[in-house]
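# Chains, contacts and geometry: an overview
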Amino acid sequence: MGVEIIFKIAGIGILTAIVGQILKQTGKEEISTLATLAGIIIVICMVLGQIGDLFNMLKSLFSF
């Protein structure tokens, strides 16, 4: 799962950057900002899920 999440985050970042640049070129800076913010929120949710799994694994590892 380690490499897959990196590729997913990179894909979302590239897609967000492309959409943001296209929207800025068309003069829609506000929508570009919202699209970038949506990409960041999606990545944060993915990372938080992975951190939650890590904590659960550590909790089960150190439980007696």
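The structure we're discussing is the one just above.
As the structure is a prediction and not an experimental result, all values here were calculated from the model. The residue numbering used here restarts from 1 in each chain and proceeds along that chain's sequence as written. Two thresholds apply to this predicted model, a pLDDT of at least 70 for residue-level local features and 80 or more for giving and counting side-chain atom pairs, whereas whole-chain, interface and lining totals are computed over all residues. For the side-chain quantities, the full set of heavy atoms in the structure was used; hydrogens and water were omitted.

The helix and strand tally for the protein chain stands at two helices and zero strands. A compact globule built from 64 residues would reach a C-alpha radius of gyration of about 11 Å, whereas the protein chain, at 16 Å, exceeds it by more than 25%. With the C-alpha coordinates of the protein chain rotated into their principal frame, the extents come out at 60 × 20 × 5 Å. Exposure classes here rest on a 1.4 Å probe applied to the protein chains alone. A residue is buried below 20% of its type maximum, exposed above 50%, and partly exposed in between. For the protein chain, with 64 residues in total, the buried portion stands at 12%. Accessible area for the protein chain stands at about 5100 Å²; split by element, carbon and sulfur atoms hold 76% of it. Charged side chains of the protein chain number 4 positive and 4 negative; the gap between the two group centres comes to 3 Å. Helix and strand definitions here come from DSSP, where helices need a minimum of 4 consecutive H or I residues and strands a minimum of 2 consecutive E residues; each element is numbered from the N-terminal end. For this measure, only C-alpha atoms enter the radius of gyration; the expected value for a globule follows 2.2 Å times N^0.38, where N is the number of residues. Note on areas: Shrake-Rupley, 1.4 Å probe, and residue coverage restricted to the protein chains presented here. Only four residue types enter the charge count: Lys and Arg as positive, Asp and Glu as negative, with His and the chain ends excluded. Each charge is placed at NZ for Lys, CZ for Arg, CG for Asp and CD for Glu.

Moving on, we come to the environment of Glu 29. Mapped onto the fold, Glu 29 is located in helix 2 (residues 29–62). Classification of Glu 29 as partly exposed rests on a relative accessible area of 41%. Beyond its immediate sequence surroundings of up to four residues, Glu 29 is in contact with Leu 23 and Lys 24. Note on contacts: a residue pair qualifies if any of its non-hydrogen atoms lie within 4.5 Å across the two residues.

Looking now at the side chain of Thr 16. Inspection of the secondary structure puts Thr 16 in helix 1 (residues 2–25). Classification of Thr 16 by relative accessible area gives buried; the value is 15%. Beyond its immediate chain neighbours, meaning those up to four positions away, Thr 16 contacts Ala 35, Thr 36 and Gly 39.

What follows covers a nonpolar patch on the surface. Here a patch means residues that are over 30% exposed by relative accessible area and free of salt bridges, tied together within 9 Å if like-charged and within 5 Å if nonpolar (Val, Leu, Ile, Met, Phe, Trp, Tyr). What makes a salt bridge here is a side-chain nitrogen of Lys or Arg within 4 Å of a carboxyl oxygen of Asp or Glu, nothing more. Taken together, the side chains of Ile 40, Ile 44, Val 47, Leu 48, Ile 51, Leu 54, Phe 55, Met 57, Leu 58, Leu 61 and Phe 62 define a hydrophobic patch exposed on the protein surface, amounting to about 1000 Å² of accessible area. Relative to the assigned elements, Phe 55 resides in helix 2. You can call Phe 55 exposed: its relative accessible area is 53%.

This part takes up the side chain of Ser 32. Position of Ser 32 relative to the elements: it lies in helix 2. Residue classification places Ser 32 among the buried positions, given a relative accessible area of 1%. Those residues in contact with Ser 32, other than ones at most four positions away along the chain, are Gly 20, Leu 23 and Lys 24.

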